[in-house]
Structures are given as structure tokens and as C-alpha cells.
Amino acid sequence: MKGINMRKLVAGALTALMVTLPTQADNRDEQTLYEQLDLMTGVIEQVRNLYVDEVDEKALIEAAIQGMLKSLDPHSTYLNPDVYQQVRVQMQGEYGGLGIEVQMENGVVKVVSPIDETPAAIAGIQGGDLITHIDGQPVIGKTLTEAVKQMRGPIGSAISITVIREEEPAPFEVEIVREKILVRSVRHRIEEETIGYIRVTTFNMQSGKGVEDAITDILADIGDDLDGVVLDLRNNPGGLLDEAIRISDAFLDRGEIVSTRGRIRDNNSRWYATTGDMLDGIPVVVLVNAYSASASEIVAGALQDHRRAVVLGDRTFGKGTVQSEIRLGRAGNQAIRLTTARYFTPSGTSIQERGVEPDIEVLFPNQRRAKLRREADLQGHITNDQISQDRAGEYDDPLPEEELVEAVEETDPQTPPADIQLRYAIKLLKNMSSLPQSQVAELQQPVSR
């Protein structure tokens, strides 16, 4: 970049970025804005000229942009060309790497969730794990972009990560072999002959069709003997809004699915279900936990508000904000993700910070002692100004405590004994199938707005 006026270059880049963002008010003090931009470019120029070691100007500017966005909230971020390409590929459902959804928290990489049947999941990586070192190099001081780039590599190559886990007394090393990740986002099977089970691990471009195909297969396999369906959204970090709407629509016959509200009118939208419930009212239980986030919470919230499903498990993560992807640059190969609106469930409840409360809380034994980290624990998170409402217990629990114990103690080769939540859901659906149809219909009456 020699021979180029760094001050003008950076000022131009930052000014272009500011023009891309919505203006705050007509009476903004333009002089103050440009004075601050000039101050920032002056700092960058001094670092470039005087820092003890030679700096990469491109990396310096990217860090400045990233820092600006991260000062807003934990989910606004800059996607350089490399990361932007990785995100595009990942949303299509195929990419290379370890198979984990991550975010940066307090200078280290936090695992939001491992993706089922990927190298990370097989190696035992869990949601909430903190990655402090990658191949012996500390993560502190790196951006999330740099950390993700370091974790990716040739298929078949090994990587060592240092993990801190809340219940472990000391950090420990995990070696993982990188593989090509083919994200099969939807899986289904039959449980105990009369229960359909559908697991959605992420919301990519294949998820909506995957759920529709799963319902079709389950109905073909079981027919009139189907007692109910379990929709498992545990450890699902979210993804594409369109797919969350499509999946919700598969279970709903009418009504609003989700709405978004932002400062700019263009960010205010509502989405509604189309006519036709693929299950025609057959009972549904949605499984959620502390790492069910974003699009998962949209689906759980919509089905809960319409009383189309019983939500069972633990309170969800609480990420109720919309990130708009705004392309930058002449080539359009880089972008920013900017928080532009909040999600609201059909009843008008904001998911942000508070999450979706289960109708029936069922925790694993070790969860009662653990302090799980959610959106509300992230530094700089957007607060929810709605009055908190406790939805837990809205349903009269039709499964007595002694039957819960029985459900846990029973053994079945297709269901891991440790999965208490799934076993409870199966027992609940079988119990509901024995109720008179009028009572089931009463349970499923929508919540009034």
C-alpha cells in the first residue's frame, strides 16, 4: 500500500460503511461524525508508521471494522471474503472442518453446539465448551475469523484444541481429525412403534424439505397408528429464517408464525402459515434445551403459542434478534451481519434474552447443578424491555411423577437410557393418545393475543 494516502483510504472505506448503515436521525451532527472518523484513521496511520513491528494494513482495517460491530452486540460481525465464502457454503449444507457452531466470548471461542455425527461431536465436544488454544496457540488476541480459519484445514489433517468445561477441574486437550462436513440437517426414525421422531440439527437450505419428507415417511410407515411426533431441536443453534418458517408451517394450519420489528420500517414483517397441517392435528412434542437458539426458538415459540405442540425440556438460549446480511465491496464478496430487528412470537412475546420457557421442564440430573450460559450471559447483549413472563406450567402435566420414573427406568434398544427428555416425550404422547379427542383439542386451543 506504499504510495497510497492511508488516511484518505481508510476514511473512504469507513465512510462507505457508514453510508451503508441506516442513518440515526436527520439532525445528526455530521461534523462530529467526520471528526471521529478522522480520529480513527489518524490512529490507524500512527500504528502503521510507528508500531514496533510492521503491520498488515488490511488486517488492521478489518480489526477496526470488527471492533466497531462487536461494540454493538455479540451477533453483529464483519465477514471478510474468506469467511463470507465459508458461510455461503455452510448454509448450503456442505463444508470442510470440525462440525461445530462457534462464537467469540471474552476473548476465547465458545462452542454453541456440535453438529451431530461430525468429528467434533464424535470427539465429545459439547455446547458451552470454551476453546482457549488451537494447536498450542492461544486464541486470545485473535478475531473469530482468524480462529475459524485456523480450525479449518485439509481433510484428514489433525488439530489439537484446548478445552475448558465448567464441570471439569482443569483444561484438557482434544485431538480431532478434520473431515468434509456434509450437514444432514434432518433425521427421522420410529420410536416404540407408534411415535415419530424428527431431529433438526441446523436450519440450512435443506431443512424445510427434510422435515416435510420426514413427516411423509412417518405417516407412510405408521399410518393411523401414529400416536404423535417428537420434534427435537436440542443443541440446534439456528440458521435460516425461511427454513424456520417453512418447518413451522408444516405443523400449523393457520395464523401468524413470527414477526420482526426494527427501527427501520423495512425491517418490520409478519409471516403466516398456509392452509394445511401435514399431521392433521396429531399431537406434537418439541424438545428444547439451553442451546436451542434463534430459528429453533422461532419454531418452538410459534408451535407453543398456537398450542400446536407441548414444549418440553429446558429454557432456550434467548437469541431473539435478526441479523441482516449486507454485502460490501464492488465484488460483493464480503459483508457485515448487522442486528436490525427483534423476533416476536405470535403472542407478541420477544424471545430476546428470556428465551422460550418449556411447558414442561425436564432436566437431566447434572443440569440441576450446572450454570448454563445463555444469551443473557453474553457481554453486550441486547436487553429485553418486556416484562418477563413465566410460561412454565401452562399445561396441566398429564404424566404423574411415578410414571416419569417408570419412563426413565424402562429400557428400549432404540432409545438411550440417559435421554430422559426423549423418554418423557414418548410417554407423554402415548398418554395424550389415550385422552378423548375433545380434551386434546382443548389443550391445543391457541393463546389469545
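Below is a short write-up of the structure. Model, not experiment: these values are computed from the prediction. (Residues numbered from 1 in each chain as written. Predicted model: local features only at pLDDT ≥ 70, side-chain atom pairs only at ≥ 80, totals over all residues. Heavy atoms only, no water.)

## What about the overall build of the protein?
Stage number 1. Helix and strand content of the protein: 12 helices and 19 strands.
Stage number 2. Taking contacts inside the protein between residues at least 6 apart in sequence as the whole, the part at least 24 apart equals 71%.
Stage number 3. By element, 50% of the accessible surface of the protein is carried by carbon and sulfur atoms, the whole surface being about 21800 Å². (Helix = DSSP H or I, 4+ residues; strand = E, 2+ residues; numbered from the N terminus. Contact = heavy atoms within 4.5 Å. Areas by Shrake-Rupley, 256 points an atom, 1.4 Å probe, with all protein chains shown as cover.)

## Some details on the packing of aromatic side chains
Stage number 1. Tallying each qualifying case throughout the model produces 0 aromatic pairs.
Stage number 2. If you follow Arg-189 out to its NZ or CZ, it ends over the ring of Tyr-197, 4.0 Å from the centre.
Stage number 3. Note that Arg-261 overlies the ring of Phe-344, its terminal NZ or CZ placed 3.8 Å from the centroid. (Phe/Tyr/Trp six-rings, centres within 6.5 Å; stacked < 30°, edge-to-face > 60°. Lys NZ or Arg CZ within 6 Å of the ring centre and 35° of its normal.)

## Describing the sheet that holds strand S10 (residues 186-191)
Stage number 1. A sheet is described by the order of its strands in space; here 6 strands give the open sequence S10-S11-S12-S15-S16-S19, paired in mixed fashion. Since the sheet does not close on itself, it has two edges, and those belong to S10 and strand S19 (360-361), each with one partner. (Pairing = 2+ DSSP bridges.)

## Looking at the environment of Ala-341
Stage number 1. Structurally, Ala-341 can be placed in strand S18 (residues 334-344).
Stage number 2. With 21 residues separating them in the primary sequence, Ala-341 and Gly-320 have C-alpha atoms 8.8 Å apart.

## Here we look at the pairing of strand S7 (residues 158-164)
Stage number 1. Within S7, 5 of the 7 residues are buried, which leaves the element mostly enclosed by the surrounding structure.
Stage number 2. As defined by bridge partners, strand S5 (residues 130-134) adjoins S7 across 4 bridges and the pair is classed as antiparallel. Bridge assignment links His-133 to a residue of S7, and that residue is Thr-162.
Stage number 3. With 6 bridges joining them, S7 and strand S8 (residues 172-177) adopt antiparallel strand pairing. Looking across to S8, one finds that Thr-162 is bridged to Glu-173. (Buried < 20%, exposed > 50% of the residue type's maximum accessible area, 1.4 Å probe, protein only.)

## A look at the nonpolar core
Stage number 1. In terms of nonpolar packing, the biggest core is built from 41 residues, with Ile-198, Val-200, Leu-231, Phe-251 and Val-286 touching the most fellow members.
Stage number 2. At the level of elements, strand S11 (195-200), helix H7 (207-222), strand S12 (228-232), helix H8 (241-251), strand S13 (256-262), strand S15 (284-288), helix H9 (295-305) and S18 are the ones that each hand at least two residues to this core.
Stage number 3. If sequence neighbours within four positions are ignored, Leu-231 has contacts with Ile-198, Val-200, Phe-251, Val-285, Val-286, Leu-287, Val-299 and Leu-303. (Core = buried A, V, L, I, M, F, W, Y, C linked by side-chain atoms within 4.5 Å.)

## Describing the environment of Glu-105
Stage number 1. Mapping Glu-105 onto the fold places it in strand S3 (residues 100-105).
Stage number 2. Glu-105 sits 273 residues away from Leu-378 along the chain, and the two C-alpha atoms are 7.1 Å apart.
Stage number 3. Excluding its chain neighbours within four sequence positions, the residues that come into contact with Glu-105 are Lys-110, Arg-373 and Leu-378.
Stage number 4. Within polar-contact distance, the side chain of Glu-105 engages the side chain of Arg-373 at 2.6 Å. (Polar contact = N/O pair within 3.5 Å; in protein donor to acceptor, adjacent residues only side chain to side chain.)

## A word on the pattern of salt bridges
Stage number 1. With the rule as written, the count across this model stands at 18 salt bridges.
Stage number 2. Here Asp-232 and Arg-199 are joined by a salt bridge, their closest N and O atoms 3.5 Å apart. Separated by 33 residues along the polypeptide, Asp-232 in strand S12 and Arg-199 in strand S11 bring together distant segments of the chain. A single burial state applies to Asp-232 and to Arg-199, both of which are buried.
Stage number 3. One salt bridge connects Asp-253 with Arg-254, and the closest N-O pair in it is separated by 3.2 Å. (Salt bridge = Lys/Arg side-chain N within 4 Å of Asp/Glu carboxyl O.)

## Let's talk about unusual backbone geometry
Stage number 1. If you check the backbone angles, Asn-235 has positive phi at about 60° while not being a glycine.
Stage number 2. Tracing the backbone shows Asn-235 in the loop between S12 and H8.
Stage number 3. Among the residues examined, Asn-235 registers a relative accessible area of 27% and is labelled partly exposed.
Stage number 4. Phi at Ser-294 takes a positive value of approximately 55°, unusual for a residue other than glycine.
Stage number 5. Structurally, Ser-294 can be placed in the loop between S15 and H9.
Stage number 6. For Ser-294, a relative accessible area of 7% corresponds to the buried category.

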